[in-house]
Amino acid sequence: MKRTISRQELMAAATMLAVVLTLSLGIFVSNRLLSSWLVGDALESSLRNWTESDLRLDARQGREPEDLSSALLRLRSFSQSFVPHIAGVDDGTLHIFELTRFADTVTGDLGSSAMRAHARVPLVDGTPADESGSIVAQEIPAAIVDAGISSGAVRHALEQARDGGLPRVTVFYSWWGAAKDVALVTVPVSDGSTVSSVDLLALDIAPVLAGANRTVLLTTGLLAVLTVSSALAVGLLLWFRYRDVVRISRNMEFLAHHDPLTSLPNRALFSAKLTEALRVTHAKASNMAVILIDVDKFKSVNDTYGHGTGDIFLQVIADRLRAVFGEHLVARLSGDEFAVMVTSISDVARITKLASDMIAATKPPCVIDGIELQISLSMGIARANDGNWRSSRMLHCADLALYRAKHSGRSTFFWYQPEMDAEAQRRKEVEAGLIKALKYDQFDLLYQPQFSLHDNTLKGYEALIRWEHPTKGTISPDVFISVAEDTGLIEDIGDWVLRRACREAAEWHDKTLRVAVNFSPAQFKAGETQRKVARALEESGLDPKRLEIEITESLLIADTDAVVETLEAISSMGVTIAMDDFGTGYSSLSYLNRFPFNKIKIDRSFIKNLGKDAGTDAVVTSIIGLGRSLDVLITAEGVENQDQVVLLRAAGCDLVQGYLFGRPGAVKGPEVIDERALPAGLEEEDGVREPAEQMA
Ligand SMILES: Nc1nc2c(ncn2[C@@H]2O[C@H](COP(=O)(O)OP(=O)(O)OP(=O)(O)O)[C@@H](O)[C@H]2O)c(=O)[nH]1
């Protein structure tokens, strides 16, 4: 398969090439410089250091020229004053003498075989150079060339010497920068005004080189080691950097498509895969499904145990999802929302089985830092069974099914059904209607009386909201409160109820009657709610003792200090705090410890079965007993017949509320219970249930 070279690979190759070139250049330059310094410079400076005193003219005239070579073998240095000394003296004898003398004094170091050749090259009279600038001399002596010096080098040396001046040493270098073992000494011989000839000495400088080369080799080796190790270090650094860059870009790539907390694919990746899978499904005319999963009451885990525990909780849930849906694509879409794409299974029964398995997998509790947390998941499933499905539609349909699961008691799953679209549409309309209702003041309050069973007197009313729709008539809170909670409109609606109830109660004729107002957990804002209560009291002038706030225990599931502090602040104003729907929650008794309630309202589901079921009787009796021992008033709601009243009174219940005593309506004057007037066994009329008495 043809592979293209990546930019990084090109860069690496270029870097390696640069390193090799730098290395070679470094070795060459170091060799050259060192050789030049150790050999050439040393020899030349020896020449220059030669002093007149070294050249004492204790003439031994007549010495044979052939002695010259042995004398020269001892060549050590030349003197600047060498040339002047020979100037003007008989060329042959004195010059030989001088050289001999010179050799006698300075050649000790080079050894007996140092002189490879010597020759004198007379320059052509007056015309040292031809038109081309080359030296015109007699033939280049063969002995010098044979000694290993090229004729070009000799010619060059002659050219330099023809201007006179000092003797000169030329050292030759190999291609890789090391000095060759032969050097050329050129000595201009002057007759006073012009250089008449040049003496050439080819010297074997191997002994000099032997020492120098050792140093050169050592230094070169050192340099090579340094260069190689620097190159390796640079290479290593470059490699680490490259590896980091690759790792970072891989991490970035991973993070762009995955959730860092659970390492599951994120929404972007899930949507892309879903789109692709739908395309394939369409092409193959097959089926696929999406399961949308939401953690139930996850906010309370965060609120109760902190976000750290919440994070671990999410990781545990992700692990359980992986365990059950291992073969399928599991993703975390947002906070506590996950999704699974099921492509390999298409029949409804098997997908349903998967969902049931997942619910079963939530049963074992999750233990985090010794805290046992129960996992509860709600799921919505949508299946694409034709080519018209788009990813957004799939997710939307699964979401509708999830909504149904959430509002059907949670910890369950629902399949998407086409009628859910109509339900979603209805909720949208309700939402739009609620916005208008707030704007055009379409809400109204009805009041349901609460009587004391001790003295049969009216003690107060519970305020219940109604929506007087201009075209649809009266709408029960059952229809719109859940929409208001889902959309956040509950805050404005709750505010309206509180202010209106306070204002109207302040105007009641009987200033001893209390008014009870329901607070949805969705409208309760720690730190803010007490300010709203204070403002409503201030605006209305209602005595705080006449106001009662009813909350449900779900508010206390999130047992944050802030919630308790807010309740305490409201209580300290003199307002009564009642726990509504007692007995329907998770572990009701534990919540009574968290805040000192003034009143507990037994949920109507218990009262309904009172006298019919021994177990319910026992629960109601014990709740009333609990109220007594805690010194908390007990109200029974949903009282509909006299048998219930008899049993409640026998158990010691303090207050009653229900159709038997009055439907939600307008406030009347002072009332007492006329038990003789009460119809025995009053039931719900026309199958219409008593509207929810709270906004939750
Ligand atoms: N610990 C933690 N919490 C998160 C994270 N992302 C979102 N959340 C919280 O998750 C909560 C999700 O809230 P909801 O789904 O609206 O509330 P819920 O309590 O699960 O309510 P239901 O879904 O109706 O059962 C919010 O409180 C977010 O602050 C996260 O990464 N870690």
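Residues numbered from 1 in each chain as written. Predicted model: local features only at pLDDT ≥ 70, side-chain atom pairs only at ≥ 80, totals over all residues. Heavy atoms only, no water.

Focus: helix 14 (residues 477-487)
What helix 14 keeps buried is the set Pro-477, Phe-480, Ile-481, Val-483 and Ala-484. Tucked into the core, helix 14 has its buried residues touching helix 13 (419-439), strand 12 (443-452), strand 13 (458-469), strand 14 (473-475) and helix 15 (490-507). Put simply, Ser-476 is the residue that caps the front of helix 14, since its side-chain oxygen is 3.0 Å from the backbone nitrogen of Asp-478. Backbone geometry just downstream of helix 14 places Gly-488 in the positive-phi region, at approximately 90°. (Buried < 20%, exposed > 50% of the residue type's maximum accessible area, 1.4 Å probe, protein only. Helix = DSSP H or I, 4+ residues; strand = E, 2+ residues; numbered from the N terminus. Contact = heavy atoms within 4.5 Å. Polar contact = N/O pair within 3.5 Å; in protein donor to acceptor, adjacent residues only side chain to side chain.)

Concerning a nonpolar patch on the surface
On the surface, Leu-25, Phe-28, Val-29 and Leu-33 cluster together into a nonpolar patch covering about 370 Å² of accessible area. Its place among the elements puts Phe-28 in helix 1 (residues 7-48). (Patch = residues over 30% accessible without salt bridge, like charges linked within 9 Å, V, L, I, M, F, W, Y side chains within 5 Å. Areas by Shrake-Rupley, 256 points an atom, 1.4 Å probe, with all protein chains shown as cover. Salt bridge = Lys/Arg side-chain N within 4 Å of Asp/Glu carboxyl O.)

Thoughts on the nonpolar core
Of all hydrophobic cores here, the largest spans 74 residues; its most connected members are Leu-434, Leu-547, Ile-549 and Leu-648. Once you skip the residues sitting within four places of it in the chain, Leu-648 turns out to touch Leu-453, Ile-607, Leu-610, Val-620, Ile-624, Ala-636, Val-639, Cys-653 and Val-656. (Core = buried A, V, L, I, M, F, W, Y, C linked by side-chain atoms within 4.5 Å.)

Some details on the site of the ligand
Surrounding the ligand, one finds 16 residues, the nearest of these being Lys-297, Asn-302, Asp-311, Asp-336 and Arg-410. In the environment of the ligand, a nitrogen atom lies 3.3 Å from a nitrogen or oxygen atom belonging to the backbone of His-307. Taking Asp-336, its side chain carries an N or O atom lying 2.8 Å from an oxygen atom of the ligand. Contact with the protein chains hides 66% of the accessible area of the ligand, taken as 660 Å² for the molecule alone. Where the shell around the ligand is concerned, the elements lending two or more residues are strand 5 (288-295), helix 9 (298-305) and helix 10 (307-324). Among the elements that make up the shell around the ligand, the one with the highest residue count is helix 10 (four residues). (Near = heavy atom within 4 Å.)

A short note on the packing of helix 8 (residues 267-284) against helix 12 (residues 391-406)
The N-to-C vectors of helix 8 and helix 12 enclose an angle of 110°; their axes lie 9 Å apart at closest approach. Relative to helix 12, the element helix 8 lies roughly perpendicular. In this structure, helix 8 uses Arg-267, Phe-270, Ser-271, Leu-274, Thr-275 and Leu-278 to contact helix 12, whose residues at the interface are Ser-391, Met-394 and Leu-395. The residue makeup of the contact of helix 8 with helix 12, split by class, is five nonpolar, three polar and one charged. (Axes fitted to C-alpha atoms, helices over the stretch in contact; angles between N-to-C directions. Parallel < 35°, antiparallel > 145°, perpendicular 65-115°, else oblique. Nonpolar A, V, L, I, M, F, W, Y, C, P; charged D, E, K, R; others polar.)

Topic: unusual backbone geometry
For Asn-456, which is not a glycine, the phi torsion comes out positive at approximately 60°. Mapped onto the elements of the fold, Asn-456 is located in the loop between strand 12 and strand 13. Within the chain, Asp-581 stands out as a residue other than glycine whose phi angle is a positive 55°. Within the secondary structure layout, Asp-581 lies in strand 17 (residues 576-582).

So, the pattern of salt bridges
Side-chain pairing between opposite charges can occur once the charged atoms of the two side chains come close. Summed over all chains, the structure comprises 24 salt bridges. Linking Lys-599 and Glu-548 is a salt bridge whose minimum nitrogen-to-oxygen distance equals 2.8 Å. Pair noted here: Lys-599 is in strand 18 (residues 599-602) and Glu-548 is in strand 16 (residues 547-552), with a separation of 51 residues, a long-range link. A relative accessible area of 1% places Glu-548 in the buried class.

Overview of the pairing of strand 19 (residues 633-637)
Counting buried residues along strand 19, four of its five residues qualify, which places the element largely inside the surrounding structure. Strand direction decides the pairing type here: strand 18 and strand 19, joined by four bridges, are parallel. Opposite Ile-600, over in strand 19, you have Ile-634 as the bridge partner. As paired strands, strand 19 and strand 20 (residues 655-657) are joined by three bridges and run parallel to one another. Each bridged residue has a counterpart across the sheet, and for Thr-635 the counterpart in strand 20 is Leu-655. (Pairing = 2+ DSSP bridges.)

Brief notes about helix 9
Considered for burial, the residues of helix 9 that qualify are Phe-298, Ser-300, Val-301 and Asn-302. Of the residues flanking the end of helix 9, it is Gly-306, one or two places downstream, whose phi is positive at about 100°.

Quick word on the sheet that holds strand 7 (residues 337-342)
Strands sit in the order 6-7-5-10-11 across an open sheet of five strands; the sheet is mixed. Unpaired on one side and paired on the other, strand 6 (329-334) and strand 11 (413-415) mark the two borders of the sheet. On average, adjacent strands in this sheet sit at an angle of 20° to one another, irrespective of strand direction. Bridging between strand 10 (residues 377-384) and strand 11 involves three bridges; their strand directions are parallel. Paired with Ile-381 across the bridge in strand 11 is Trp-415. Along the sheet, helix 11 (residues 348-361) contacts strand 5, strand 7, strand 10 and strand 11; its crossing angle with strand 10, the most-contacted strand, is approximately 165°.

Focus on the packing of aromatic side chains
Under the criterion given, the structure shown has 12 aromatic pairs. Ring geometry for Tyr-461 versus Trp-508: centroids 5.3 Å apart, planes at 65°, classification edge-to-face. Linking Tyr-461 in strand 13 with Trp-508 in the loop between helix 15 and strand 15 (514-518), this pair joins segments that are 47 residues apart in sequence. Each of the two residues, Tyr-461 as well as Trp-508, counts as buried. Members of the aromatic cluster, joined through ring pairs, are Phe-443, Trp-467, Phe-480 and Trp-496. The ring of Trp-389 carries the charged tip of Arg-393 above its face, separated from the ring centre by 5.4 Å. (Phe/Tyr/Trp six-rings, centres within 6.5 Å; stacked < 30°, edge-to-face > 60°. Lys NZ or Arg CZ within 6 Å of the ring centre and 35° of its normal.)

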